[in-house]
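So you can see what is in the structure, the chains are spelled out below.
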Amino acid sequence: MQKNIENLGSRKNFRNTVHEVLGDENESGEIFYKYAMVWMSRKCNSRCKYCYQDGDPEANNASWSYEKADKVTSLLLDDGYHVQPLINEWLPEFWNFLELMKKCQWNEITTNGLILLSRHQEFFPLLREYEISDIRHTLFPKGIHEEMTGRDREKSLRAIQLSKEHGFRTIVNYVVTTETLPHIVEVCDELADMEVDEIQFMNLIYLGRSKSKKNELLDMQYINKFWDTWKLLSENPKYERIEFDFQANFGPNPHGDNVSKRAAKQSRFCLAGKNERGHFIYITPEDDIYPCFLLSDPKFKIGKIIENGNNYSLEYNDADWIKHIPSFNRSHCAGTQYITRAILS
Ligand SMILES: C[S@@+](CC[C@H](N)C(=O)[O-])C[C@H]1O[C@@H](n2cnc3c(N)ncnc32)[C@H](O)[C@@H]1O
Ligand code: SF4
């Protein structure tokens with residue numbers, strides 16, 4: 001009898017709980033999870049250099065209508081999935097999609113901050129109405145922020161401050177590249193002074209389409225340096241009020257005993273695709289289904305969203321996507337393993 005993982009609330013709880021289960025040597029194999037990241041719109045008011053859409057031949061303005069997004073969300077929820085609805089930017093035309101966030105019990109939004117600077121008086125009350133408690137931003141170090149985002153760093157700091165002032169739990173994404181890694185501590189100091197609630201480290205996502213970011217990807221040596229910095233931060237009382245988090249594609253944390261290290265030991269770390277432990281799928285605004293956000297090259301496609309009149313269904317093909325990955329070690333996240341190897345080979 002399979003038991004479902006239920007009521008995890010947020011992406012972080014989902015990942016940690018699943019990895020905890022996958023790392024449990026006594027786990028009987030009965031646990032089953034279903035998770036769908038659903039990217040509903042690519043529209044944005046910026047063109048950041050670092051954005052994973054850069055160089056993407058599909059970088060367009062593809063967006064689902066609200067009706068379609070609602071129907072696909074319901075279809076997945078009824079099928080037992082935890083659904084993460086994704087919008088590139090909270091332009092006013094998407095404010096009604098907040099209804100879907102509530103339906104999926106999703107309590108945070110991510111923004112580049114421009115909308116907060118220009119429209120927070122209308123937007124914040126809406127966020128409250130739809131039970132959004134957390135706002136996620138991105139900040140690069142001084143001298144790098146403008147180049148990476150095309151936006152003024154002071155304005156991004158102001159947007160972070162606005163979320164704090166209005167009582168939202170404020171999270172800052174720190175994108176780790178060879179260039180930003182040495183500046184982690186100085187930016188954490190700055191964010192600690194602003195009393196941000198959480199800093200999440202994002203390992204640079206590179207979908208292999210734009211050549212410009214290759215040199216900024218972390219190899220194993222840099223990843224180890226990242227984990228050393230992580231250890232310093234987590235042990236420093238100066239940051240005790242900040243929660244630190246990281247993406248799975250940094251691989252297992254080598255320091256101490258931790259969920260990701262245990263999961264890696266059991267060689268069951270990666271969640272991608274439909275496997276005996278669960279279904280982890282990623283859906284694009286072009287209606288394609290992939291095993292993971294990081295495995296969204298056409299050769300990994302595992303299905304399509306099909307429209308039948310006014311209804312939608314998910315249609316899977318039998319693609320053996322794993323055979324397209326040069327070397328697949330489930331003890332690391334599929335994305336890192338694939339991306340690093342594809343670049344080094
Ligand atoms: C695609 S953006 C959408 C939300 C919003 N437009 C923004 O910029 O925050 C979601 C988050 O992904 C992260 N991100 C974007 N491109 C990335 C990349 N190449 N590697 C790692 N993280 C990235 C940023 O931290 C960003 O906050
Ligand atoms: S603002 Fe966000 S979605 Fe838009 S280009 Fe920048 S990182 Fe990408």
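Residues numbered from 1 in each chain as written. Chains lettered and ligands numbered in written order. Predicted model: local features only at pLDDT ≥ 70, side-chain atom pairs only at ≥ 80, totals over all residues.

Draft legend 1. Summary view of unusual backbone geometry. Non-glycine residue Gln105 carries a positive phi angle of around 55°. Considering the arrangement of structural elements, one finds Gln105 in the loop between helix 3 (98-103) and strand 4 (108-110). With 14 C-beta atoms packed within 10 Å, Gln105 lands in the partly exposed category. (Helix = DSSP H or I, 4+ residues; strand = E, 2+ residues; numbered from the N terminus. Buried ≥ 20, exposed ≤ 12 C-beta atoms within 10 Å, placed from the backbone.)

Draft legend 2. How the structure looks around the environment of Leu126. With respect to the helices and strands, the residue Leu126 is situated in helix 4 (residues 114-129). Since 15 C-beta atoms lie within 10 Å of it, Leu126 is described here as partly exposed. Sequence spacing of Leu126 and Leu98 is 28 residues, and the spatial spacing of their C-alpha atoms is 8.3 Å. Beyond its immediate sequence surroundings of up to four residues, Leu126 is in contact with Trp95 and Leu98. (Contact = placed C-beta atoms within 7 Å.)

Draft legend 3. Summary view of the site of ligand 1. Surrounding ligand 1, one finds 15 residues, the nearest of these being Tyr52, Thr138, Asn173, Met202 and Ile205. Classifying every residue of the shell around ligand 1 gives eight nonpolar, six polar and one charged. (Near = placed C-beta within 6 Å. Nonpolar A, V, L, I, M, F, W, Y, C, P; charged D, E, K, R; others polar.)

Draft legend 4. Geometry of the sheet that holds strand 7 (residues 198-203). One open sheet accounts for five strands, arranged 4-5-6-7-8; its pairing is parallel. Lying at the two open borders of the sheet, with one neighbouring strand each, are strand 4 and strand 8 (243-246). Averaged over all pairs of adjacent strands, the angle between strand axes in this sheet comes to 25°, irrespective of strand direction. Bridge count for strand 4 against strand 5 (residues 134-138) is three bridges, and the pairing is parallel. In the sheet register, Thr110 faces strand 5, and the bridge partner there is Arg136. (Pairing = 2+ DSSP bridges. Axes fitted to C-alpha atoms, helices over the stretch in contact; angles between N-to-C directions.)

Draft legend 5. Looking closely at the site of ligand 2. Near ligand 2, the surroundings consist of Cys44, Ser46, Arg47, Cys48, Cys51, Gln53, Asn88, Glu89 and Asn112. A breakdown of the residues in the shell around ligand 2 according to their chemical character gives three nonpolar, four polar and two charged.

Draft legend 6. How the structure looks around the nonpolar core. Of all hydrophobic cores here, the largest spans 75 residues; its most connected members are Val172, Tyr174, Ile283 and Cys292. Considering each element in turn, this core owes the most residues, six residues, to strand 2 (residues 31-41). (Core = buried A, V, L, I, M, F, W, Y, C linked by C-beta atoms within 7 Å.)

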